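Spelled out from the first residue to the last, the chains are:
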Amino acid sequence: MIQSSELILNPDGSVYHLNLRPENIANDIIFVGDQNRVEKITQFFDSVEFSTQKREFKTQTGVYKGKRITVMSTGIGPDNIDIVVNELDALVNIDLVTREPKEKLTSLNIIRIGTSGSLQADIPVDSFVMSTFGLGLDNMLRSYLIDEVSNAAMEEAFINHTNWDIRKGKPYVIACSEKLEKLIESDKIHKGITATAGGFYGPQGRVLRLNIQDEELNSKMDNFTFNDNRITNLEMETAAIYGLSALLGHNALSLNAIIANRASGTFSEDPYKAVDELIKYTLDKITAN
Ligand code: R1P
Ligand code: URA
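Analysis parameters
- Residues numbered from 1 in each chain as written.
- Chains lettered and ligands numbered in written order.
- Predicted model: local features only at pLDDT ≥ 70, side-chain atom pairs only at ≥ 80, totals over all residues.
- Heavy atoms only, no water.
- UniProt positions renumbered as here; feature names shortened; annotations may be inferred.
- Near = heavy atom within 4 Å.
- Polar contact = N/O pair within 3.5 Å; in protein donor to acceptor, adjacent residues only side chain to side chain.
- Areas by Shrake-Rupley, 256 points an atom, 1.4 Å probe, with all protein chains shown as cover.
- 1 Å grid on protein atoms, 1.4 Å probe; cavity = no way out; pocket = protein on both sides within 12 Å on 5 of 7 lines; lining within 4 Å.
- Sits in = over half its atoms within 2 Å of the grid points.
- Helix = DSSP H or I, 4+ residues; strand = E, 2+ residues; numbered from the N terminus.
- Nonpolar A, V, L, I, M, F, W, Y, C, P; charged D, E, K, R; others polar.

- The name that an unreviewed UniProt entry assigns to the chain is Uridine phosphorylase, with the source organism given as Flavobacterium shii.
- Taken verbatim from the UniProt record of the chain, the Catalytic activity (unreviewed entry) comment is "uridine + phosphate = alpha-D-ribose 1-phosphate + uracil".

Pasting the structure below:
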């Protein structure tokens, strides 16, 4: 039995941070970072049956073109993803009364729609990237035993190519769900490795008033390749979502609206337009079949 200090439930039986009970979520889940993006998605739904929010975690479940979908905000960063994916998994794969893992496990389909910075000149602002791999520079997943799900060969190649300073922790690489990749892919969307950083400024090589350990890192990252895959973009959640989903048996895919281009030093004049377009594109792909 899982202890009440491990799987923490609220008095109404909902999971501690997300405020959700098993019946509140669908098997198809869209993650966004920003709480305000949840309703930008559910505004298109035929109906919304459930809505809640605790801290940065806002959740709505409803029906779009006959499909039941949950949309939730994760807030910023891999530490939040640890909470969100573990609590979602508990909702479907742990009996919250007996506190025992269920014998028959459920796989969720998780698609993230986020904003991101491109590292490549030919992936401009307002374009889209599908993350075929998540490259975790954040260390969060190193708390788990990830060797069976991570791509050791790509990790080693990245460490060697960038001459990675191991004092910052060991990068990890996890692939997306092939099933979801096939569902969403099209010529409209670039594909590549998405690097997930634990912060927006120093961890993504941004220098304001503070110096960083490795000012060359971004340029070393943008010419890294492995089996024809290159690092396309930087953000703060994808690798953590991929890693926890792989460990727990869920399908995950991350889609990025490029709002900043680090190669050209440009920022989108209207970042929300690209996000809105990606939202509509994703909803239609999810419900196409
Ligand atoms: C930083 O501005 C935030 O934007 C990106 C990053 O991953 C980070 O969360 O994603 P969202 O737009 O989903 O929040
Ligand atoms: N989000 C990030 O984390 N980085 C960027 O450059 C843009 C959006």
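1. Things to note about the site of ligand 1
- Surveying the vicinity of ligand 1 reveals the residues Gly33, Arg37, Ile76, Arg112, Gly114, Thr115, Phe200, Glu235, Met236 and Glu237.
- Contact between ligand 1 and glycine 33: an oxygen atom at 3.1 Å from a main-chain N or O atom of the residue.
- One nitrogen or oxygen atom from the side chain of threonine 115 is found 2.6 Å from an oxygen atom belonging to ligand 1.
- Calculation on ligand 1 without its partners gives an accessible area of 340 Å², and the protein chains cover 85% of this total.
- Applying the majority rule of atoms within 2 Å of the grid points places ligand 1 in the largest pocket.
- With 3 residues, the top contributor of residues to the shell around ligand 1 is strand β7 (residues 109-118).

2. A look at the site of ligand 2
- Around ligand 2 lies a shell formed by Thr115, Ser116, Gly117, Phe200, Gln204, Arg206, Leu234, Glu235, Met236 and Ile259.
- Contact between ligand 2 and glutamine 204: a nitrogen atom at 2.8 Å from a side-chain N or O atom of the residue.
- Between ligand 2 and the protein, one listed contact pairs an oxygen atom with a side-chain N or O atom of arginine 206 at 2.6 Å.
- In isolation ligand 2 exposes 240 Å². Once the protein is present, 93% of that is buried.
- Those elements that provide at least two residues to the shell around ligand 2 are β7 and β12 (229-235).
- With 3 residues, β7 is the single largest residue contributor to the shell around ligand 2.
- When its residues are assigned to classes, the shell around ligand 2 shows 4 nonpolar, 4 polar and 2 charged.

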